[in-house]
Every structure is written in structure tokens, then in C-alpha cells.
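What follows is the residue order along each chain.
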Number of protein chains: 2
Amino acid sequence: MALVTLYMSDRDPQKRTFTDKKEADAHDKKLELAENIQCFIENNLEELSETQCEKLAMLIAENKERFLTALKGKPEVLSETDAEPDDIDNGKESSAENVTKIAG
Amino acid sequence: MALVTLYMSDRDPQKRTFTDKKEADAHDKKLELAENIQCFIENNLEELSETQCEKLAMLIAENKERFLTALKGKPEVLSETDAEPDDIDNGKESSAENVTKIAG
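Residue indices follow the written sequence of each chain, beginning from 1 at its first position. Here every chain gets a letter starting at A, and every ligand a number starting at 1, in the order they are written. The predicted nature of this model means local features are confined to residues of pLDDT at least 70 and side-chain atom pairs, given and counted, to a pLDDT of 80 or more, with totals for whole chains, interfaces and linings taken over all residues. By convention in this description, side-chain values take in all heavy atoms of the structure and omit both hydrogens and water.

Chain A appears in an unreviewed UniProt entry as YebG family protein from Oleiphilus messinensis.

Below you can see the structure in the form of C-alpha cells.
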């Protein structure tokens, strides 16, 4: 019986696991960024619901590169095409081959 | 009768004028960034109202430096203190001395 090493972010409510440590780390960093963005928005725009703040924060975190380019001086990149997240994992069922869904 | 040169961003619904060209330019860039962020959010999160998108976009544009730092890898800067906009002009009556309000 061979052991498989899996990596999971303790921030991930969906408990996705990765066999690739680098990808797991990137995923964890994205969730951390989203958490902080959500906190910032909630502190400064009380009128939004928690869910709205969460979706917004994830939208920005998943388009981090594009927002970086915009904030650095090329704002037009944000209105070019609809959001294509920087990476394939955009919260829906991740299509990353090495994501192992543990039933439960 | 001496002439005063005033600068105004044609994006600014409040038509604020500046005597300092550099400041007017920074203001215009901030409005341009906010416009593009608003467009991005509206394209990707239909459930938010236009006003909510506008406020959100301005919140991010006014805290551009902090968001840049967060996106570059220090997300915790977003949950440190409430938003203190990068510059003094945060949409409310700008306290910049050289802003001339033309009655209209």
C-alpha cells in the first residue's frame, strides 16, 4: 500500500487537497489574500452583505495579476475582457488533475 | 485682473478644479482607475447595484497603494487599520487648499 502525500489549506472551507505543494501553497495564499480583502471591504462598506464581500474579495484575489497591472498604471486591463482567473481554480470544481476529492 | 489657471478632470461628476496640475492629474488617474474597477466588478458580479460597484471601486482606487502592497504579497496590510485613503481627497469635500469650488 503506497502513501500519497496531500496538501490542504486550513483556510479552505471546501477542504480541497493538492498533491502538488506549490499549487497548494498558491491556493492558500489566494485564500489569505481574499480573507484580508473581505475584511477590508467589510470594515469600510457596511452596506454590503458578508456573502457579497466574500465574492468580491475572491473575484479580486483570483484576478490578482490583472488588478496589479491596473493599479500599477494600466487600468484599462480591467475592462478588456471578462474575468479569466489567473489560474484554473476559480472556486468551482477545480479541474486541476491532481486535486483529490476525499468523500466525506 | 489676473488670470488663474484651473485644472479639472472631465471624469469628475463633482467638477472639482485644481490649481496644481500634478494634483489634478493624480485625481484624474484615480477616477480613471475607479471607472475601470467599477466596470470589472459590474461585469463579473451582477448582484451588486451600480452605486455599490461605484463605492467599492472608489474605495479601492483611493487605497491603491495599500492594495498594491497586499497584492504583492503582504495581504495583512488590508486588515491593519481602517481605510485611510492614500491622499486627502476621499470624495467628500476635498480639503485641499487649492481646490476652487466654482458655484454652479
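## Some points on the interface of chain B and chain A
Counted only if it meets this: We call two residues in contact when some of their heavy atoms are within 4.5 Å. What counts as buried area is the accessible surface, traced by a 1.4 Å probe, that two parts surrender upon association, with contributions from both included. By definition, a salt bridge exists where a carboxyl oxygen of Asp or Glu is found within 4 Å of a side-chain nitrogen of Lys or Arg. Distance and chemistry together define a polar contact, namely a pair of N or O atoms within 3.5 Å, with one atom able to donate a hydrogen and the other to accept it when in protein, and with adjacent residues in sequence counting only for side-chain atoms on both sides. The secondary structure listing takes helices from DSSP runs of H or I that are at least 4 residues long and strands from runs of E that are at least 2 residues long, numbered from the N terminus. When residues are grouped by polarity, Ala, Val, Leu, Ile, Met, Phe, Trp, Tyr, Cys and Pro land in nonpolar, Asp, Glu, Lys and Arg in charged, and all others, Gly among them, in polar.
Each side of the interface is counted separately: chain B has 31 residues, and chain A has 31 residues. In total, about 3000 Å² of surface goes out of reach between chain B and chain A, with carbon and sulfur atoms giving 72% of it. The largest share of the area that chain B buries against chain A comes from N36, F40 and L71 of chain B, three residues that together contribute 23% of it. Taken together, the connections running from chain B to chain A amount to two salt bridges. Taking the shortest distance from any N to any O, the salt bridge between E47 of chain B and K55 of chain A comes out at 2.9 Å. Applying the counting criterion to the chain B and chain A interface returns four residue pairs in polar contact (both at pLDDT 80 or more). Those elements that provide at least two residues to the side of chain B that touches chain A are α1 (21-44), α2 (50-62) and α3 (64-71) of chain B. In terms of residues, the side of chain B that touches chain A owes the most to one element, α1 of chain B, which gives nine residues. Class assignment of the residues belonging to the side of chain B that touches chain A gives a composition of 17 nonpolar, six polar and eight charged.

## Some remarks on unusual backbone geometry
Phi is positive for K15 of chain A, which is not a glycine, with a value near 50°. Of note, K15 of chain A is situated in the loop between β1 (7-8) and β2 (17-18).

## A short note on the packing of helix α1 (residues 21-44) of chain A against helix α2 (residues 50-62) of chain A
Working note: a packed helix pair is described by the angle between its axes plus the distance between those axes. Residue and element names in this part refer to chain A. Note the cut-off: Every axis in this analysis is a line fitted to C-alpha atoms, fitted for helices over the stretch in contact. Angles between the N-to-C directions lie between 0 and 180 degrees. Working rule for angles: under 35 degrees goes down as roughly parallel, over 145 as roughly antiparallel, 65 to 115 as roughly perpendicular, anything else as oblique. By the definition used in this description, the sense in which the near helix is turned from the far one sets the handedness, with an anticlockwise turn below a right angle giving left-handed and a clockwise turn giving right-handed.
Packing of α1 against α2 leaves a shortest axis separation of 8 Å and a crossing angle of 135°. Classified by the angle their axes make, α1 and α2 are oblique. The handedness of the crossing between α1 and α2 is right-handed. On the side of α1, the interface is formed by K30, L31, L33, A34, I37, Q38, I41 and E42, while α2 contributes E50, C53, E54, L56, A57, M58, I60, A61 and E62.

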